[in-house]
Amino acid sequence: MEVGQMQRQWVDYTKSLFLEGLLDGQFLQLQQLQDESNPDFVVEVVSLFFDDSEKLLNDITRALEQPSVDFKKIGAHVHQFKGSSSSVGAQRVKNGCIAFRNFCEEQNIDGCVRCLQQLKQEYYLVKNKLKTLFAMEQQIVAAGGSIPMLEISF
């Protein structure tokens, strides 16, 4: 496949992530911070998000499985997850965290368990989509092309 076609596919795929509400403008701001001196900036930041998210999801799952649920502790984990998802532009994950925090404040265990499942679903969806996006970028660069700048208005 020629570079121009790969770049067009990348643009279409990236736009779909915004249209589906998976990403927001914060992701574009991250991309704008990347330059020749730090070409892997976005991948590195998002990889840290993935690592932190896995740990937080495991911590939240374990905390919800305790005989005496510490909603304050769970709420703190969810708040941290909301902050990190917000910083990379993972909009649906961030929104899931907001709903989750409300259930923590109400000390609603059933609501928390349902939110955790939804949060995991949203997280793994955005993780897989971003991994696909990064793989597309690697193919473009390997073929001698550059990643197009995306202009999306909100």
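Please read all numbers here as calculations on a predicted model, not as lab measurements.

**Digging into the side chain of Asp59**
Then step 1. If you trace the backbone, Asp59 turns up in helix H3 (residues 41-64).
Then step 2. Within polar-contact distance, the side chain of Asp59 engages the side chain of Arg62 at 2.7 Å.

**A short note on the pattern of salt bridges**
Then step 1. Applying the stated criterion to the full structure yields seven salt bridges.
Then step 2. As a salt-bridge pair, Glu20 and Lys129 come within 3.8 Å of each other at their nearest N and O atoms. Taken as a pair, Glu20 in the loop between helix H1 (3-19) and helix H2 (25-33) and Lys129 in helix H6 (residues 109-142) lie far apart in primary sequence, 109 residues in all.
Then step 3. Exposure remark for Glu20: the relative accessible area of 35% places this residue in the partly exposed category.
Then step 4. Of the charged contacts, one joins Arg92 and Glu122 as a salt bridge, the two residues approaching to 2.9 Å between their closest N and O atoms. Linking Arg92 in helix H5 (residues 91-105) with Glu122 in helix H6, this pair joins segments that are 30 residues apart in sequence.
Then step 5. By relative accessible area, Glu122 is classed as buried at 13%.

**Here we look at the UniProt feature "domain: HPt" (unreviewed entry) in the protein chain**
Then step 1. Those residues carrying the UniProt feature "domain: HPt" (unreviewed entry) are residues 38-133 in this numbering.
Then step 2. As annotated, residues 38-133 has a helix share of 85% and a strand share of 0%, and its two end C-alpha atoms lie 18 Å apart.

**Section: the packing of helix H4 (residues 71-88) against H5**
Then step 1. In contact at an axis separation of 9 Å, H4 and H5 are set at 165 degrees when each is read in the N-to-C sense. Judged by the angle between their axes, H4 and H5 are roughly antiparallel. In the packing of H4 onto H5, the handedness of the crossing is left-handed. Side by side, H4 and H5 meet where Phe71, Ile74, Gly75, Val78, His79, Phe81, Lys82, Ser85 and Ser86 of the first sit next to Val93, Lys94, Cys97, Ile98, Phe100, Arg101 and Cys104 of the second.
Then step 2. Among the residues making up the contact of H4 with H5, the classes are represented as nine nonpolar, four polar and three charged.

**Considering the side chain of Ser85**
Then step 1. Position of Ser85 relative to the elements: it lies in helix H4.
Then step 2. Taking relative accessible area as the criterion, Ser85 reaches 0% and is therefore assigned buried.
Then step 3. If we skip the residues at most four places from it in the chain, Ser85 touches Phe49, Ala90, Val93 and Lys94.

**What to know about the state of the cysteines**
Should the sulfur atoms of two cysteines be covalently bonded, the bond is a disulfide.
Then step 1. This structure, assessed with the given rule, holds zero disulfides.
Then step 2. Here Cys104 is not disulfide-linked; the sulfur of Cys112 is the nearest cysteine sulfur, at 3.9 Å.
Then step 3. Relative accessible area serves as the criterion here: at 5%, Cys104 is assigned to the buried category.
Then step 4. In this structure Cys115 is not part of a disulfide, and its nearest cysteine sulfur, from Cys112, lies 7.0 Å away.
Then step 5. Note on Cys115: relative accessible area 11%, which makes it buried.

**Details of the nonpolar core**
Then step 1. Counting residues in hydrophobic clusters, the biggest one holds 44 residues, and the most contacted among them are Phe27, Ile74, Phe81, Phe100 and Leu130.
Then step 2. Of all the secondary structure elements, the ones that give two or more residues to this core are H1, H2, H3, H4, H5 and H6.
Then step 3. In terms of residues, this core owes the most to one element, H6, which gives 11 residues.
Then step 4. Beyond its immediate sequence surroundings of up to four residues, Phe27 is in contact with Phe18, Val42, Val46, Val88, Gly89, Leu130, Leu133 and Phe134.

Thresholds applied
Residues numbered from 1 in each chain as written. Predicted model: local features only at pLDDT ≥ 70, side-chain atom pairs only at ≥ 80, totals over all residues. Heavy atoms only, no water. Helix = DSSP H or I, 4+ residues; strand = E, 2+ residues; numbered from the N terminus. Polar contact = N/O pair within 3.5 Å; in protein donor to acceptor, adjacent residues only side chain to side chain. Salt bridge = Lys/Arg side-chain N within 4 Å of Asp/Glu carboxyl O. Buried < 20%, exposed > 50% of the residue type's maximum accessible area, 1.4 Å probe, protein only. UniProt positions renumbered as here; feature names shortened; annotations may be inferred. Axes fitted to C-alpha atoms, helices over the stretch in contact; angles between N-to-C directions. Parallel < 35°, antiparallel > 145°, perpendicular 65-115°, else oblique. Left-handed = near helix turned anticlockwise from the far one by under 90°. Contact = heavy atoms within 4.5 Å. Nonpolar A, V, L, I, M, F, W, Y, C, P; charged D, E, K, R; others polar. Disulfide = S-S within 2.5 Å. Core = buried A, V, L, I, M, F, W, Y, C linked by side-chain atoms within 4.5 Å.

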